Amino acid sequence: MECNCLLRKRPTDRGRQLNSGSRCASGKLEQAGDRRALPVEKPPGVKGRTLILLDVNTKSPVRIISENFLSLQLDPSIIHDGWLDFLSSRRLVTLARGLAPAFLRFAGKRTDFLQFHNVKNPAKTRGGPGPDYYLKNYEDARSLDKLYNFADCSGLHLIFALNALRRNPNNSWNSSNALSLLKYSASKKYNISWELGNEPNNYRTLIGRSVNGSQLGKDYIQLRSLLQLIRTYSRANLYGPNIGRPRKNVIALLEGFMKVAGSTVDAVTWQHYYIDGRVAKVTDFLKTRLLDTLSDQIRKIQKVVSTYAPGKKIWLEGVGATSAGGMNNLSDSYAAGFLWLNTLGLLASQGIDVVVRHSFLDHGHNHLVDQNFNPLPDYWLSLLYKRLIGPKVLAIHVAGLQRKPRPGRVIRDKLRIYAHCTSYHNHNYVRGSITLYIINLHRSRKKIKLAGTLRDKIVHQYLLQPYGKDGLHSKSVQLNGQPLAMVDDGTLPELKPRPLRAGRTLVIPPLTMSFYVVKNVNALACRYR
């Protein structure tokens, strides 16, 4: 398919808001996965009280995640808000391509109110979509074309969520509209994976009508049968059920679904938002208890999946710092990066195969790119992650704390360290190199001495800090002291490391995020793909 990506310029109205109402592995200071202590030989002259000693198990990975681990989401509100046409912007395509390879999930609250019509003017079509609400959430063939073209030009694989709320009188899924979309998409030979609905646990709130897990499982089996009838999609991937936070009633829905359709889906999906965006404060993003809320959810989801479909992959689809569309100068600021980077590290270390960030563009203030198509701090954090982090997760071992934790205060939780094999796609580093990424939530700097297999190796530092006078509220960042910005609409900046001499102690500034590539380790776990 020929990419047509250069048709639209970015919007010039800087005041235009992107929200639904606008128009148009490893771990904290402990090892990840494998908790057996690794031997760490203390270098002569190093005092355990003053330094943290860090070593990595280089023999074998503890987890291997998808090449598309960090993926993206677009909310269907871009149709309602008039932003779909801007997906042909060269600048947006450049930004999205920087995060490839990845999935692009097209789903959100409006998923279950979209209707597909392969006509030029739906408003004038006899027997059109129906009530005005549905007209506002209407999708025609041209919308699908624009969406797919954006994904294709950007090197992303599109996942499309179909409307699950078209129901028959007996509450079974009415698949007639979905079949029209599938047939059109197949006629264009679009390579798409599929889902059905979004957060089915909220259907009673949305329409006053619920769908239980067993019925949802039957609906997914029906969708799988439809896909098998269409040659283009006979082997297409199907993901679901994309439940919300796993509370008791949601777990019951997931169990009912897994009993019926656990073998039908290619991955089990759920979503998570850390904070109510209406009441968030910058200090919330620094709370270790908040960072750890995801761990309990992972365990609950894994328990259900292992019971009904052992070995089935699990995805976190739809994750953001805050709910309710986020909050300006918070969920789109440097401070939100602590949650985002810890989410990536925690999910990878627990074997979650893919995490989908909500949202790449639009939808309040949780996005990676703002209303003027300028990358926000979490975009640059994601870009560094993509450039430096490979799919193999390594276990770490640390020893030595600066001081003993005071009662009620766990100091080690505020310094989080994760380790992976360096990305094979980064040709600046030979295979066998290792990348560490570190979150320092302390208000003081921390010192780390590399030990064991990492000792006396040259290290490249990528230190990401807020840029400008706004501090943690800043929407701009600097890398090793240099502000990051696009060179032009078609060019991302070079991400230049700061080389550190072999054996140098790593000094981690307070309230920062950083990546460290340990070169030429020749790690056995990282030599081969």
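Residues numbered from 1 in each chain as written. Predicted model: local features only at pLDDT ≥ 70, side-chain atom pairs only at ≥ 80, totals over all residues. Heavy atoms only, no water.

I would appreciate a short explanation of the overall build of the chain in the present structure.
Each helix and strand in the chain was counted, giving 12 helices and 24 strands. For the chain, buried positions account for 60% of its 529 residues. Accessible area for the chain stands at about 22,000 Å²; split by element, carbon and sulfur atoms hold 48% of it. (Helix = DSSP H or I, 4+ residues; strand = E, 2+ residues; numbered from the N terminus. Buried < 20%, exposed > 50% of the residue type's maximum accessible area, 1.4 Å probe, protein only. Areas by Shrake-Rupley, 256 points an atom, 1.4 Å probe, with all protein chains shown as cover.)

Please clarify how helix α2 (residues 90–97) should be interpreted in this entry.
Buried residues dominate α2, accounting for 6 of its 8 residues. Taken together, the buried positions of α2 are Arg91, Leu92, Val93, Thr94, Leu95 and Ala96. Where α2 begins, the capping side chain belongs to Ser89, and its oxygen is found 3.2 Å from the backbone nitrogen of Arg91. (Polar contact = N/O pair within 3.5 Å; in protein donor to acceptor, adjacent residues only side chain to side chain.)

When you look at the nonpolar core in this model, what are you seeing that I'm missing?
The tendency in soluble globular proteins is for nonpolar side chains to be buried as a group. Formed by 129 residues in total, the largest nonpolar core has its most connected members in Leu74, Trp194, Tyr233, Trp270, Phe360, Tyr385 and Phe515. When residues in this core are grouped by element, the largest group, 9 residues, is from helix α11 (residues 336–349). Membership of the second largest hydrophobic core comes to 26 residues, among which are Ile417, Leu436, Leu506 and Ala525. (Core = buried A, V, L, I, M, F, W, Y, C linked by side-chain atoms within 4.5 Å.)

How should I be thinking about the sheet that holds strand β15 (residues 396–399) in this particular structure?
Strand pairing in a sheet takes place through backbone hydrogen bonds and is either antiparallel or parallel in direction. Pairing within the open sheet is mixed, and its 4 strands lie in the order β15-β2-β18-β23. Unpaired on one side and paired on the other, β15 and β23 (506–508) mark the two borders of the sheet. Sheet twist, expressed as the average angle between the axes of neighbouring strands with direction ignored, equals 30 degrees. For strand β2 (residues 52–56) and strand β18 (residues 446–450), the ladder comprises 3 bridges, and the chain directions are parallel. (Pairing = 2+ DSSP bridges. Axes fitted to C-alpha atoms, helices over the stretch in contact; angles between N-to-C directions.)

Explanation requested: the state of the cysteines in the structure shown.
Simply put, disulfide is the name for a covalent bond between the sulfur atoms of two cysteines. This structure, assessed with the given rule, holds 1 disulfide. Covalently, Cys421 is tied to Cys526 through a disulfide, its sulfur atoms 2.0 Å apart. An S-S torsion of about -75 degrees defines the bridge between Cys421 and Cys526 as left-handed. You can see Cys421 sitting in strand β16 (residues 415–422) and its partner Cys526 sitting in the segment after β24 (512–518), a full 105 residues away along the chain. Overall, Cys421 belongs to the buried group, its relative accessible area being 1%. Looking at Cys526, the relative accessible area reads 1%, which means it is buried. (Disulfide = S-S within 2.5 Å.)

What's the story with the pairing of β16 in this structure? I'm lost.
Regular strands place their side chains on alternate faces of the sheet. With 8 of its 8 residues buried, β16 lies for the most part within the structure. Pairing geometry for strand β14 (residues 389–394) and β16, over 3 bridges, is antiparallel. The residue bridging Ile389 from the neighbouring strand is Thr422, located in β16. Pairing analysis gives 7 bridges linking β16 to strand β17 (residues 434–440), with the strands arranged antiparallel. Pairing of Arg416 across the sheet is with Ile439, part of β17.

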